[in-house]
Amino acid sequence: MAKNVDAIYEEIKSQIINLDLLPGTKVKEEDLAKEFNISRTPIRGVISRLVKDSLLEVKPQKGTYVSKIDLSKINDYIYVRKSVEIQMISKICNLITDEQIKELEIILDKQYKIIQMEPSIAKSKMFFHNDNLFHATMFKFASLEGVWKIIHTNAIPLNRARIMANLRSNPQVENIYAQHKQMVEYLKNKDEKGAINALEHHLDGGFDGIAALVDKYNDYFK
């Protein structure tokens, strides 16, 4: 049974974000139509939506390709996220409960189990989603779930880079886990200054890693 157009759009979008389709990969209408058991007309509509989202790029007389990751959009997002997330952690620091700390610690336990796995695309995706869950949970504690949804929805270029970054050596992924753990300790002790400093260090470290990523995977960025 053929999937509906919205489901196909979401699946291809997910494949691009999760690096199942790498930047620069050529995408053909006929192949997608065959894969999803649907005619080429609705596939063209899906491709148009993904082009509008800057996830696909049409090159005249050459074809359609998965877009390279736009560094300028990453820089814009970094500025917004850092500003918003610092305000969020300041808000929850003196209000966080023991039950909420326990919820964050359960997420940390899952992160620890993930980093014990051998490096792979699957591991990278799992850590990426668990990392997002950690931050989303803090936004939930601040009653700012809608804010998290907005910044996460608009973070597609950075999210693609983050999954790529998680394929790096284990010590770097372990460092992210250690930083998360430190933030929880500051929150547990109601140390607002320490929590903010730890968050800034955590975000700066992750964002600084983008430069090294560009050097290693230069062909995937623009």
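Since this is a predicted model, take the numbers as computed values, not measurements.

Chemist: Sorry if this is basic, but what is going on with the overall build of the protein chain here?
Modeler: Counting secondary structure elements, the protein chain contains ten helices and three strands. The helix and strand sequence of the protein chain, counted from the amino end, reads α-β-α-α-β-β-α-α-α-α-α-α-α. When its C-alpha atoms are laid out on the principal axes, the protein chain stretches across 60 × 35 × 30 Å. Within the protein chain, the proportion of its 222 residues that are buried is 43%.

Chemist: Would you mind showing me how to read the side chain of histidine 202 here?
Modeler: Within the secondary structure, histidine 202 is located in helix α10 (residues 192-216). The class for histidine 202 is buried, based on a relative accessible area of 7%. A polar atom in the side chain of histidine 202 sits 3.2 Å from the side chain of histidine 180. Beyond its immediate stretch of four places on either side in the chain, histidine 202 contacts His135, Ile176, Gln179, His180 and Met183.

Chemist: Mind showing me how you'd approach the nonpolar core here?
Modeler: In summary, soluble globular proteins display a tendency toward joint burial of nonpolar side chains. By size, the foremost hydrophobic cluster in this structure holds 46 residues, and its most contacted members are Ile89, Ile92, Leu104, Phe134, Met138, Leu187 and Phe221. Put simply, the parts of the chain that give this core at least two residues each are α4 (71-93), α5 (98-115), α6 (121-141), α7 (145-153), α8 (156-165), α9 (170-188) and α10. Among the elements that make up this core, the one with the highest residue count is α10 (eight residues). Setting aside residues no more than four positions away along its own chain, isoleucine 92 makes contact with Met138, Phe141, Ala142 and Leu187. Counting 19 residues, the second-largest nonpolar core is a separate cluster that includes Ile17, Leu32, Ile47 and Val66.

Chemist: Whenever I open this one, the packing of aromatic side chains confuses me. Can you help?
Modeler: Aromatic ring pairs: the centre-centre distance and the angle between the two ring planes describe each pair. Throughout the structure, instances matching the rule amount to three aromatic pairs. The interplanar angle of 50° and the centroid separation of 5.7 Å between the aromatic rings of tyrosine 112 and tyrosine 177 together place this pair among those described as tilted. In this pair, tyrosine 112 is assigned in helix α5 and tyrosine 177 in helix α9, connecting sequence segments 65 residues apart. Pairing tyrosine 217 with tyrosine 220 gives two aromatic rings, centres 5.9 Å apart and planes at 10°, and the pair type is stacked. Note that arginine 49 overlies the ring of tyrosine 9, its terminal NZ or CZ placed 3.8 Å from the centroid.

Chemist: Help me understand the pairing of strand β3 (residues 63-66) in this model?
Modeler: Look at any regular strand and the pattern is simple: side chains alternate between the two faces of the sheet. Here strand β1 (residues 26-27) pairs with β3 via two bridges, running antiparallel. The partner of valine 27 across the bridge, within β3, is threonine 64. Of the strand pairs in this sheet, strand β2 (residues 56-59) and β3 are connected by four bridges, and their pairing is antiparallel. Note that in β3 the partner of lysine 59 across the bridge is glycine 63.

Chemist: Explanation requested: the layout of surface pockets in the structure shown.
Modeler: Over the atoms rolls a probe the size of a water molecule, and in doing so it shows where empty space is left. A volume near 230 Å³ is recorded for the second largest pocket. In terms of lining, the second largest pocket is formed by 15 residues, of which the most central are Asp53, Ser54, Lys73, Ile156 and Pro157. Among the elements that line the lining of the second largest pocket, the one with the most residues is α8, at three residues. Counted by class, the lining of the second largest pocket contains four nonpolar, four polar and seven charged residues.

Chemist: It is not clear to me how the packing of α6 against α8 should be interpreted in this structure. Could you clarify?
Modeler: When two helices pack together, their arrangement is given by the angle between their axes and by how far apart the axes lie. Interaxial distance between α6 and α8 falls to 8 Å at its minimum, and their mutual angle equals 130°. With respect to each other, α6 and α8 are oriented oblique. Relative to α8, the crossing made by α6 is right-handed. For the pair α6 and α8, the contacting residues are Ser124, Phe128, Asp131 and Asn132 in the first and Asn159, Arg162 and Ile163 in the second. Its residues assigned to classes, the contact of α6 with α8 comprises two nonpolar, three polar and two charged.

Chemist: How should I be thinking about unusual backbone geometry in this particular structure?
Modeler: Of note in the backbone geometry, serine 54 takes a positive phi value of approximately 65° without being a glycine. By the secondary structure assignment, serine 54 is in the loop between α3 (40-52) and β2. Residue serine 54 is classed as partly exposed on the basis of its relative accessible area of 32%. At serine 143, a position not held by glycine, the phi torsion is positive, near 60°. In this fold, serine 143 is placed in the loop between α6 and α7.

Cut-offs and rules
- Residues numbered from 1 in each chain as written.
- Predicted model: local features only at pLDDT ≥ 70, side-chain atom pairs only at ≥ 80, totals over all residues.
- Heavy atoms only, no water.
- Helix = DSSP H or I, 4+ residues; strand = E, 2+ residues; numbered from the N terminus.
- Buried < 20%, exposed > 50% of the residue type's maximum accessible area, 1.4 Å probe, protein only.
- Polar contact = N/O pair within 3.5 Å; in protein donor to acceptor, adjacent residues only side chain to side chain.
- Contact = heavy atoms within 4.5 Å.
- Core = buried A, V, L, I, M, F, W, Y, C linked by side-chain atoms within 4.5 Å.
- Phe/Tyr/Trp six-rings, centres within 6.5 Å; stacked < 30°, edge-to-face > 60°.
- Lys NZ or Arg CZ within 6 Å of the ring centre and 35° of its normal.
- Pairing = 2+ DSSP bridges.
- 1 Å grid on protein atoms, 1.4 Å probe; cavity = no way out; pocket = protein on both sides within 12 Å on 5 of 7 lines; lining within 4 Å.
- Points joined across faces, edges and corners; volume = space filled by probe spheres on them.
- Nonpolar A, V, L, I, M, F, W, Y, C, P; charged D, E, K, R; others polar.
- Axes fitted to C-alpha atoms, helices over the stretch in contact; angles between N-to-C directions.
- Parallel < 35°, antiparallel > 145°, perpendicular 65-115°, else oblique.
- Left-handed = near helix turned anticlockwise from the far one by under 90°.

Geometry only, nothing functional implied.
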